[in-house]
Amino acid sequence: MKSWPGPQIPVVPGTGQQLHLYDTASGTVRPTEPGPTARMYVCGITPYDATHMGHAFTYVTFDVINRVWRDARHDVHYVQNVTDIDDPLLERAVQTGQDWREIADRETALFREDMAALNVIPPQDYIGAVESIPSVAEYVQELQSLGAVYSVDSDLYFRVRRDPDFGAVANLDDAAMLAIFAERGGDPDRPGKEDPLDCLVWQSARPDEPAWDTPLGHGRPGWHIECAAIALDHLGMTIDVQGGGTDLAFPHHEMSASEAQVLRGAYPFARHYVHSAMVGWQGHKMSKSRGNLVFVSALRHADVDPMAIRLALLAHHYRTDWAWTEQGMEGAVGRLALWRAAVAGTSGPDAAPVIERVRGALADDLRTPAALDAIDGWAMAQQAASGDDAEAPAQIAALADALLGVRL
């Protein structure tokens, strides 16, 4: 699947610091310890609607992780999927009378445009669920040979308890897992299942639904095995970061990790499970099902500068739920104007302390609000004619672009 064009990333003087991130599995902020190449998998969109601010917050968060690693002189192998076949997409097709493939293609194209506008570094591998079907079928056969898959009315289920670490990602008890599983696409009450938490890895063909011919029969993959397959194919085991929104910790990340761990007999699937918080609007979490959405494309088409949108997102710490407001957007527009005016000057205060403050804030569990404050302070000092370093404006502009993704 085609990704989007990659931005040019300026070089900032010096070398970035080691990145520390909160790991959902351990419940602690721990250092990331990648080798020369950091490996990151972030779950992508189900393309049945446009990119809303909740999506944008997630992908900008992991884009900053990508940038901090690069600033520390790591290469980054970043993989993202597109769930271009799933129940919500098929339901939208029925509701609108459109072909599901047309919806998926249109919304994926719009997502790419939004990501490029927001200056998000594209994944090295951008993989659709449909193109991963042959690989999924092979992995399901492998799970069958390990005795980790069984059939219920020709559908195939993964025995989650075959993974001794099942439950270690989200750290939920069975009662909580059952409740969330029922809410988020699971089927705990289906007759014939050995365990209510066992998850679907292959669904046999249904009338009037798309299906593919594979050695497993005519059907399509379950959700969790798609990401396990794509990650294993392109990154292998024990990746540095598995990422997405907090609503993916369970069941999606829990179950895809267990599938990968049983397949490879190795632990853990990821060293860090990193989850971005939810964005609300009108008193509720922003979600497609509720319809309370603010779209990136709508703001862009209203001539809102994408860099101001990005600043509005970065003003919030990635682990704290928050609500989108017009006032927040207006504040971001003002901040962007302040920064641009400051870096347009011929001189300014020494940039070196600001560079270190920004690096330190981002390395400390991605404290983006503190990083923005550091540049604010420099910009206000520059406006007050404090400092005569002729190189500082260009260095601050490079800093904002390279680490925060804000083009000035």
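Residues numbered from 1 in each chain as written. Predicted model: local features only at pLDDT ≥ 70, side-chain atom pairs only at ≥ 80, totals over all residues. Heavy atoms only, no water.

**Q** Report on helix 1 (residues 53-71), specifying residues and quantitative values.
**A** With 19 residues, helix 1 ought to run about 27 Å at 1.5 Å a step, and its terminal C-alpha atoms sit 26 Å apart, in line with that. The buried fraction of helix 1 is high, at 18 of 19 residues. (Helix = DSSP H or I, 4+ residues; strand = E, 2+ residues; numbered from the N terminus. Expected span 1.5 Å × (residues − 1). Buried < 20%, exposed > 50% of the residue type's maximum accessible area, 1.4 Å probe, protein only.)

**Q** Break down the pattern of salt bridges for me, with residues and values.
**A** In total, this model carries 27 salt bridges according to the counting rule given. Across the pair arginine 264 and glutamate 142 runs a salt bridge, and its minimum N-O distance is 3.3 Å. Here arginine 264, found in helix 7 (residues 249-264), pairs with glutamate 142, found in helix 4 (residues 133-145); they are 122 residues apart in sequence, far enough to count as distant. Here the salt bridges share partners, and the residues they tie into one network are Asp71, Arg73, Glu356 and Arg359. (Salt bridge = Lys/Arg side-chain N within 4 Å of Asp/Glu carboxyl O.)

**Q** Account for the layout of surface pockets, naming residues and giving values.
**A** Considering only enclosed or pocket space, the second largest pocket measures out at about 230 Å³ in volume. Residue lining of the second largest pocket: 14 residues in total, with Thr24, Ala170, Thr246, Ala249 and His275 positioned closest to the centre. Sorting the residues of the lining of the second largest pocket by element identifies helix 7 and strand 12 (270-276) as the ones contributing at least two each. Across the lining of the second largest pocket, the residue classes break down as eight nonpolar, four polar and two charged. (1 Å grid on protein atoms, 1.4 Å probe; cavity = no way out; pocket = protein on both sides within 12 Å on 5 of 7 lines; lining within 4 Å. Points joined across faces, edges and corners; volume = space filled by probe spheres on them. Nonpolar A, V, L, I, M, F, W, Y, C, P; charged D, E, K, R; others polar.)

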